[in-house]
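So you can see what is in the structure, the chains are spelled out below.
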Amino acid sequence: MDYKRRNGGPFLGGASQSKRGKPAGEWEESPSHFEEELSMFDDVDMEAEEMEGQAGHDVIPVGDLFSADLNPRWRRPHASSLDSSSNTLVFQQIDLDYYLGSYQRPVPGMPGQSQGKVPIIRMFGVTDNGNSVCCHVHGFAPYFYVPAPSGFTADYLGEFKKELNSAVLKDMRSNKDNISITVLAVDITRKESIYGYHGKRSQDFLRITMAMPRLIAPAKRLLEQGLKFGPYPIQSYQAYEANIDFEIRFMVDSDVVGCCWIELPKGNYRLREEKSMGVSLCQYEVDVGWTDLISHPAEGDWQRIAPLRVLSFDIECAGRKGIFPEPDKDPVIQIASMVQRQGETEPFIRTVFTLQSCASIVGSQILCFTQEKQLLQSWAEFLRTVDPDIITGYNIQNFDFPYLLNRAAALKVNLFPYLGRVRGIKSVLRDLNFQSKQMGRRENKTINMEGRVQFDLLQVLLRDYKLRSYTLNAVSFHFLQEQKEDVQHSIITDLQNGNEQTRRRLAVYCLKDAYLPLRLLQKLMCVINYMEMARVTGVPLTYLLSRGQQIKVVSQLLRQAMKQDLVMPVIKTEGGEDYTGATVIEPEKGYYSVPIATLDFSSLYPSIMMAHNLCYTTLLQKGSAEKLGLAPEDFIKTPTGDLFVKSSVRKGLLPEILENLLSARKRAKTELKKETDPFKKQVLDGRQLALKVSANSVYGFTGAQVGKLPCLEISQSVTGFGRQMIEQTKQLVESRYTISNGYQADARVIYGDTDSVMVKLGVGTVRESMDIGKEAAEWVSSHFTPPIKLEFEKVYYPYLLINKKRYAGLYFSSCADTHDKMDCKGIETVRRDNCPLVANLINTCLQRILIDRDPQGAVAHAKEVISDLLCNRIDISQLVITKELTRTAQEYSGKQAHVELAERTQSMCWRTTFPLTHSTTWNSSCPNHSRATTHVVRLSPVSVAKLCSRQMVCFHYFKVFISTLIFRLYL
DNA sequence: TGAGCGACCTAT
DNA sequence: TTAGATAGGTCGCTCA
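Residues numbered from 1 in each chain as written. Chains lettered and ligands numbered in written order. Predicted model: local features only at pLDDT ≥ 70, side-chain atom pairs only at ≥ 80, totals over all residues. Heavy atoms only, no water.

- By the naming in an unreviewed UniProt entry, chain A goes by DNA polymerase and is assigned to Mastacembelus armatus.
- Heading Subcellular location (unreviewed entry) of the UniProt record for chain A holds this comment: "Nucleus".
- According to UniProt, the comment filed for chain A under the heading Sequence similarities (unreviewed entry) is "Belongs to the DNA polymerase type-B family." (UniProt positions renumbered as here; feature names shortened; annotations may be inferred.)

1. As for the layout of surface pockets
Rolled over the atoms, a probe as big as a water molecule pinpoints where empty space is left.
Move 1: Of the volumes computed, that of the second largest pocket is approximately 1200 Å³.
Move 2: What lines the second largest pocket is a set of 37 residues, among which Thr 446, Ile 447, Asn 448, Thr 542 and Ser 546 lie closest to the centre.
Move 3: Residue assignment for the lining of the second largest pocket shows that the elements contributing at least two residues are β2 (89–102), β19 (429–436), β20 (440–447), β21 (453–456), α7 (457–464) and α12 (541–546).
Move 4: Class assignment for the residues of the lining of the second largest pocket results in 15 nonpolar, 9 polar and 13 charged. (1 Å grid on protein atoms, 1.4 Å probe; cavity = no way out; pocket = protein on both sides within 12 Å on 5 of 7 lines; lining within 4 Å. Points joined across faces, edges and corners; volume = space filled by probe spheres on them. Helix = DSSP H or I, 4+ residues; strand = E, 2+ residues; numbered from the N terminus. Nonpolar A, V, L, I, M, F, W, Y, C, P; charged D, E, K, R; others polar.)

2. Description of the sheet that holds strand β28 (residues 643–645)
Move 1: The antiparallel open sheet is built from 3 strands, whose spatial order is β26-β28-β27. This sheet does not close on itself; its edge strands, each paired only once, are β26 (619–620) and β27 (635–637).
Move 2: Inspection of the sheet shows β27 paired to β28 by 3 bridges, in the antiparallel sense. Following the sheet pairing, Ile 636 is matched in β28 by Phe 644. (Pairing = 2+ DSSP bridges.)

3. Focus on the protein's contact with DNA strand B
Move 1: Close to DNA strand B lie 14 residues, the nearest being Asp 755, Lys 805, Tyr 807, Gly 826 and Arg 832.
Move 2: Within the side chain of Lys 825, an N or O atom sits 3.4 Å from a phosphate oxygen of DNA strand B.
Move 3: At 3.2 Å from a sugar or linking oxygen of DNA strand B is found a side-chain nitrogen or oxygen belonging to Arg 831.
Move 4: Residue composition of the surface near DNA strand B, by class: 3 nonpolar, 2 polar and 9 charged. (Near = heavy atom within 4 Å. Polar contact = N/O pair within 3.5 Å; in protein donor to acceptor, adjacent residues only side chain to side chain.)

4. Regarding helix α17 (residues 678–703)
Move 1: Over its 26 residues, α17 extends 39 Å from the first C-alpha to the last, a length consistent with the 38 Å expected when each residue adds 1.5 Å.
Move 2: The sharpest bend along α17 measures roughly 30° and falls at Ser 697. (Expected span 1.5 Å × (residues − 1). Bend = angle between axes of the 7 residues up to and from the residue.)

5. Description of the pattern of salt bridges
Opposite charge on two side chains lets them pair, provided their charged atoms get close.
Move 1: Scanning the entire structure with this criterion turns up 46 salt bridges.
Move 2: A salt bridge links Asp 771 to Arg 767; its shortest N-O distance comes to 3.6 Å. In this pair, Asp 771 and Arg 767 both sit in helix α19 (residues 766–781), 4 residues apart, roughly one turn of the helix.
Move 3: A relative accessible area of 41% places Asp 771 in the partly exposed class.
Move 4: Residue classification places Arg 767 among the partly exposed positions, given a relative accessible area of 41%.
Move 5: Each of Glu 37, Glu 482, Glu 485, Lys 512 and Arg 519 takes part in one network of salt bridges that share partners. (Salt bridge = Lys/Arg side-chain N within 4 Å of Asp/Glu carboxyl O. Buried < 20%, exposed > 50% of the residue type's maximum accessible area, 1.4 Å probe, protein only.)

6. Some points on the environment of Tyr 394
Move 1: Along the chain, the position of Tyr 394 falls in the loop between β18 (390–393) and α6 (396–410).
Move 2: Sequence-wise, Tyr 394 and Leu 472 are 78 residues apart; in three dimensions their C-alpha atoms are separated by 7.0 Å.
Move 3: At a separation of 2.7 Å, a polar atom in the side chain of Tyr 394 contacts the main-chain carbonyl oxygen of Tyr 470.

7. What to know about the packing of aromatic side chains
Move 1: As enumerated under the stated definition, the model contains 39 aromatic pairs in all.
Move 2: Arranged with centres 5.6 Å apart and planes meeting at 80°, the rings of Tyr 143 and Tyr 145 form a pair that is edge-to-face. Each member of the pair, Tyr 143 together with Tyr 145, is buried.
Move 3: With centroids separated by 5.0 Å and ring planes inclined at 45°, the aromatic side chains of Phe 313 and Trp 379 adopt a geometry described as tilted. (Phe/Tyr/Trp six-rings, centres within 6.5 Å; stacked < 30°, edge-to-face > 60°.)

8. Looking at the side chain of Asn 398
Move 1: One can find Asn 398 in helix α6.
Move 2: On the accessibility criterion, Asn 398 (10% relative accessible area) is buried.
Move 3: Separated by 2.8 Å, the side chain of Asn 398 and the backbone nitrogen of Lys 445 make a polar contact.

9. Details of the environment of Arg 201
Move 1: Secondary-structure assignment places Arg 201 in the loop between β6 (183–193) and β7 (203–210).
Move 2: Take Arg 201: its relative accessible area is 57%, and that puts it in the exposed class.
Move 3: In the structure, Arg 201 is positioned 11 residues away from Arg 190 in sequence and 9.5 Å away in space, judged by C-alpha atoms.
Move 4: The contacts of Arg 201, once residues within four sequence positions are left out, are Glu 192 and Leu 628. (Contact = heavy atoms within 4.5 Å.)

10. Regarding unusual backbone geometry
Move 1: Here the amide bond leading from Pro 786 into Pro 787 is cis, since omega sits at 0°, within 30 degrees of zero.
Move 2: Position of Pro 787 relative to the elements: it lies in the loop between α19 and β31 (790–803).
Move 3: The step from Tyr 797 to Pro 798 runs through a cis peptide bond, and the omega angle for that step is -5°.
Move 4: Within the secondary structure layout, Pro 798 lies in strand β31.
Move 5: Despite not being glycine, Gln 356 shows a phi value in the positive range, around 75°.
Move 6: For Gln 356, a relative accessible area of 34% corresponds to the partly exposed category.
Move 7: One non-glycine residue with positive phi stands out, namely Met 525, at about 55°.
Move 8: Relative to the elements of secondary structure, Met 525 occurs in the loop between α10 (500–523) and α11 (526–537).
Move 9: Met 525 sits in the buried class, given a relative accessible area of 18%.

11. With respect to the environment of Pro 218
Move 1: Here Pro 218 is to be found in helix α3 (residues 216–225).
Move 2: For the pair Pro 218 and Val 168, spaced 50 residues apart in sequence, the C-alpha separation works out to 6.6 Å.

12. Considering the sheet that holds strand β13 (residues 294–296)
Move 1: If you walk across this open sheet you meet the 7 strands as β11-β12-β4-β3-β2-β10-β13, and the pairing is mixed. This sheet does not close on itself; its edge strands, each paired only once, are β11 (269–271) and β13. With direction set aside, neighbouring strand axes in the sheet form an average angle of 35°.
Move 2: Of the pairings in the sheet, the one linking strand β3 (residues 117–126) to strand β4 (residues 132–138) comprises 6 bridges and is antiparallel in character. Note that in β4 the partner of Met 123 across the bridge is Cys 135.
Move 3: Along the sheet, helix α4 (residues 246–253) makes contact with β2, β3 and β4, crossing β2 at roughly 130°. (Axes fitted to C-alpha atoms, helices over the stretch in contact; angles between N-to-C directions.)

13. Topic: the confidence of the model for chain A
Move 1: With 81% of its residues at a pLDDT of 70 or more, chain A shows a mean pLDDT of 81.
Move 2: Throughout residues 1–28 the model reports pLDDT below 50, and contacts reaching past four residues in sequence, or to other chains, amount to 93 contacts.
Move 3: Below pLDDT 50 for its whole length, residues 879–957 participates in 165 contacts with residues either more than four positions away or in separate chains. (pLDDT = per-residue confidence, 0-100.)

14. Focus on the packing of helix α13 (residues 550–563) against helix α16 (residues 653–674)
For any two helices packed against each other, the geometry is given by the interaxial angle and the distance between the axes.
Move 1: Interaxial distance between α13 and α16 falls to 10 Å at its minimum, and their mutual angle equals 110°. Between α13 and α16, the angle is such that the two are roughly perpendicular. For the crossing formed where α13 meets α16, the hand is right-handed. The segment α13 lies against α16, with Gln 556, Leu 557, Gln 560 and Ala 561 engaging Leu 653, Leu 654, Glu 656, Ile 657, Asn 660 and Leu 661.
Move 2: Class assignment for the residues of the contact of α13 with α16 results in 6 nonpolar, 3 polar and 1 charged. (Parallel < 35°, antiparallel > 145°, perpendicular 65-115°, else oblique. Left-handed = near helix turned anticlockwise from the far one by under 90°.)

Written out as structure tokens, the structure is:
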């Protein structure tokens, strides 16, 4: 399952198709485009390299690789000496974690508990000069709240603390850290629960500070179970904010957001000058008290990004024929690495570590090893020397890193697995099960690498893009119109066992696989967009890759709540009943040869929450209205019967957060318009996108029943208002735009979904439709509470409405004379569970119908395709659905096939089953890849029969589809 | 044969 | 030890 998603075919055994080792001469082709590109880098670099007295493309014997003389670019720029009493230290923080340290050593004079182990926050970052920083932040301890029992006074604090402390101690199964104090402090503080409106009355809460983050959960549990202290009877306490990650707790309290700039004012921090004091590989290592650091909001100059080092790498291993490479048996033969500074366009380090000799490649450095152990050891040392802030690659998280770690363990390369920035912390492989409704169950591996952000491009793509195929090849083609170097997996071992020319060919391939992720990262602006998301939502960069959506809202909610002394209860998660969602207006199906105007509510759900002040803090629980003596004009009743106080009584937190997000987005967009620097433009665009996504995820958070703070009253009220609004919009439009009101025709809303209505205004031109549409949007908006706003968005002309959530049309928005595109929603052309033939056929038919206005042509085309199909004139690689084959193959073939095929299914490649003999050929020709790989699966006669019938089903499906299409349109 | 259900993917 | 929401179309499969 965890093999790299590449274009190469599966290792399904069967030697008939796999290529035997070829003579070296066959590989001596003209240099690929990529090689030319590499050599160009070399030209650019020549000048610099002459200065360094070192040509980049020499084959270097293993020696002192890491000396500054030999490889001057590997190291970070020299760090000038720092005097903490006269120099301020400023850096962009990119990773943040904590560890337990004994406070007295090695840093005296820092705030915090002076006994036992204390949590210390560790921030890693980079200065403007590109120097690395490790900053230990002292004195911040985890805490949570419980409501104080009635009549509680400060006199009881000591007793409470003592009882809780001993209860927690007693609860510990083992006490290997020899903790004697678990509860550091208990204080009385005035707070109010965020959940529900209760007359703005704050009450006494106990703020319980614990010695370590992991003691919070047992303390919370014990308090819930019931604690007895002083004169009070045993009683249970509800915990507040006991489920907040320690990092988030710190960041919220110290106003630090992900990837922000941190300033340590002179005189307020200590530099670890002696090497023995430092624990990290960073150039500057400092200690600071948590209240002494200054966090700069990402505005103006502080929006900039430090020159981060991004390392991309790829490994090759020599598998045995037909067997998936196993790290305890199969060697790592090459590791290609490219290092680029964030913001630059070319990698400044291009290196391949090879096992055995390898001919030189212009533009890159080749390091040859005779011992695999030495190769691994040296690469780890290379990584530590280059000291990247971000590590990327394709499927490195689930393949390359695990393979390297396991291989190093098998070969007993004991110094290998120290890949983080903290000395002595071993990088360990762990299995991680991640499950969500959105993504399904996903089994992942994780490797700890303190201070470095692992940015696996595959994971990013899986998260952010819906693609038909996720192979590096397909992805590169899709985004860059570029492909991998053509080397099949099956021949990698042969290339390795050939000569230095064949190994060179492999090295070029490997280099490109390291280069493509860098290019993709740049093209998709991943680093910038993720940083902006971290800044907007306030979570560490790593959370965005390893965690879900909820943490982002929690972080924002906590920040806003803290300002008003509101605290968040810990809600028991129990899956309740689903609530009603949005309305989809029954479509008047058909083909419309007149313009159809589309009106949309912009940011519907956020604007509903703002307009009606829907929030945890404004929710009136049953009976509260009377108890609090609220007048009817003080609150509203939502369509679902829930009550919320108006903003005149109290302004909700969520509306406030949303207003901030949306106004920040407006600002970013206006700045974007003014900005001329392309790099700053990218940052601003990433920012406005992050702000939009953030605003939209607030509603989902309130409705997430298995979540940190679900509130169905809010979410069902939101959808309730939405349902009411779309109905009302339909009625308003249809009542005003009528013949009796002097318009050309009676308008009809022919379809609508959630926040949009499609209106047939009865006018003949796109222009008229746009004009009336704009006017209608404005007029309808005036019937709703701001900031709810209906906007004219586009005109479809012509428009084909097939069903709910299935339609197509020519899209006019910018100009009334020419259409922007053909827009298809929900139809086979945009779905990924149909084979390309279906998608292509439907697409062509739709073009005939909508663009050429030639329905007969569409029918003719469909008939032609069916006829071609029946007469075997079609490349069947377009036809058969992988999943079906997979299922069948699973039944009849061994485990090996199961694994390979399951992986293949995820990558959604379509391939052929032709000809259908007892040895069925699996042709892994991606639609994007011209050169196919073939492998053979042996199938029983029964399964062949099954496959045949499957094809019949496919034909049948075609006929059904086409006939229904035609039927729907014209009969 | 058709109803009912689950898997999958999309719309918003 | 962690997870945004619901609506809804289409197909394959099972079972009466």
